[in-house]
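Structural characterization, general
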Amino acid sequence: MDLALWALAFTVLDWPERQKAEAWAAVQAGAEPAMAPDQAAALARLEASLPRRRQEALNRGARLLLPGDEGADALLAPLPYPVALWVRGNLPPPVPGGRHSLAIVGSRQASRHGRDRARNWAKVLAEAGVAVISGLARGIDVAAHLGALDAGPGGAGTWGVLGSGLDHPYPPEHAPLMDRMVAAGGGIITPFPPEAPPRKWHFPRRNWLLAAWSEGVLVVEARWQSGSMVTARLALDLGKDLWVCPGSPEDPSAEGPNFLLREGAARVCLSPEGLLQDLGLPPRT
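Below is a short write-up of the structure.

Scanning the protein chain from N- to C-terminus turns up 11 helices and 9 strands. Computed over C-alpha atoms, the radius of gyration of the protein chain comes to 19 Å, within 12% of the 19 Å expected from 2.2 N^0.38 for 285 residues, which places it in the range of a compact globule. Considering only C-alpha atoms, the protein chain reaches an extent of 60 × 40 × 35 Å along its principal axes. Residues counted as buried form 52% of the 285 residues belonging to the protein chain.

Here we take up empty space enclosed by the protein. Counting across every chain of the model gives 1 cavity of 30 Å³ or more. Considered as a void within the structure, the largest cavity measures approximately 40 Å³ in volume. Lining the largest cavity, in full, are Ala 74, Leu 75, Pro 78, Pro 93, Pro 94, Val 95, Ala 212 and Trp 213. Of the residues assigned to the lining of the largest cavity, the class counts are 8 nonpolar, no polar and no charged.

Overall, mixed pairing links the 9 strands, which are arranged S1-S2-S6-S5-S4-S3-S7-S8-S9 in an open sheet. Edge positions in the open sheet fall to strand S1 (63–65) and strand S9 (267–268), since each of these has one partner strand only. The sheet contact formed by strand S5 (residues 158–161) and strand S6 (residues 187–190) spans 3 bridges and is parallel. By the bridge assignment, Trp 159 is partnered in S6 with Gly 187. Against the sheet, helix H10 (residues 255–262) engages strand S7 (216–219), strand S8 (241–244) and S9, with an angle of about 125° to S8.

One pass over the structure, following the stated rule, counts 0 disulfides. Unpaired in terms of disulfides, Cys 269 finds its nearest cysteine sulfur in Cys 245, a separation of 5.2 Å. Accessibility expressed as a relative area gives 3% for Cys 269, which makes it buried.

Our next topic: the packing of aromatic side chains. Under the defined criterion, the tally for this structure stands at 8 aromatic pairs. Summarising the aromatic geometry, the rings of Phe 10 and Trp 24 are spaced 6.4 Å apart at their centres and angled 90° between planes, so their arrangement reads as edge-to-face. With a gap of 14 residues between them, Phe 10 in helix H1 (residues 3–12) and Trp 24 in helix H2 (residues 17–28) connect regions that are remote in the sequence. Side by side, Phe 10 and Trp 24 carry an identical accessibility label, which is buried. Members of the aromatic cluster, connected to one another through ring pairs, are Trp 6, Phe 10, Trp 15, Trp 24 and Tyr 81.

It is worth spelling out the nonpolar core at this point. Proteins that are soluble and globular tend to have nonpolar side chains buried together. Core analysis: the largest hydrophobic core is formed by 65 residues, its most contacted members being Leu 66, Leu 85, Trp 213 and Val 219. Residue contributions to this core peak at 7 residues, all from H1. When near neighbours in sequence (up to four residues on either side) are disregarded, Leu 66 contacts Ala 4, Ala 7, Leu 8, Leu 50, Arg 54, Ala 72 and Ala 84. Core analysis: the next-biggest nonpolar cluster, separate from the first, contains 25 residues, Ala 122, Val 132, Ala 143 and Leu 218 among them.

Conventions used here
- Residues numbered from 1 in each chain as written.
- Predicted model: local features only at pLDDT ≥ 70, side-chain atom pairs only at ≥ 80, totals over all residues.
- Heavy atoms only, no water.
- Helix = DSSP H or I, 4+ residues; strand = E, 2+ residues; numbered from the N terminus.
- Rg over C-alpha atoms; globule rule 2.2 N^0.38 Å.
- Buried < 20%, exposed > 50% of the residue type's maximum accessible area, 1.4 Å probe, protein only.
- 1 Å grid on protein atoms, 1.4 Å probe; cavity = no way out; pocket = protein on both sides within 12 Å on 5 of 7 lines; lining within 4 Å.
- Points joined across faces, edges and corners; volume = space filled by probe spheres on them.
- Nonpolar A, V, L, I, M, F, W, Y, C, P; charged D, E, K, R; others polar.
- Pairing = 2+ DSSP bridges.
- Contact = heavy atoms within 4.5 Å.
- Axes fitted to C-alpha atoms, helices over the stretch in contact; angles between N-to-C directions.
- Disulfide = S-S within 2.5 Å.
- Phe/Tyr/Trp six-rings, centres within 6.5 Å; stacked < 30°, edge-to-face > 60°.
- Core = buried A, V, L, I, M, F, W, Y, C linked by side-chain atoms within 4.5 Å.

Take it as geometry only, folks, not as evidence of what the structure does.
Here it is as structure tokens:
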């Protein structure tokens, strides 16, 4: 069966994760995955809907990216099974590839200093040729996207990964920012169909993609129990580099970075120039 159909099925059909993994293992082995009759019927209906779904994406100024489409294989390679992606604008640089990319993440309830740091550092990184990837959330994420845009036409661009469908950007006030990112040559990507609202369980999947599609992850501020720490752990699981900004022991927003440093799991990052040096890049002059 067409891999594109399996990717769409793994994305939009309500199958348990175990069944997705077992089905993908069977497909890779050239066998027919075991399915109940109702699941087989749902898969057949999904196959018939594929042309309509591609057109629906185009109607939204986006495209439905599936295995075999241009650029899809590089994005799907790090994932445990293929998924469908809805894309506005361009795709981020592949990892590994000829360009550098970094995910910048942090607290939604970021301090003013943390937001300023994320924005200023993202500008320096983008000016030096590092694509900035983040999750379009309030706080550190939006500051990082804005900083990369501040680098102007000569910057490396910025990409956002949504935890919802294109019809329900979250948070909604960032819809104009998404338009700016696309117009500047970056893009917006989501592994959820256009009609999908934001759900709590969507964001770990979003965080996985942030880690998978970047060369490394920078955590600016994060509490111990936070999505940013989830992204940091996923980056470590994927063998990616991890940088953190340390903070005062009394500062709750420094809990996550300080713990990662104490465990020896991350590199300390004190400036964007130091990060560029770690990446083997000179700052742009």
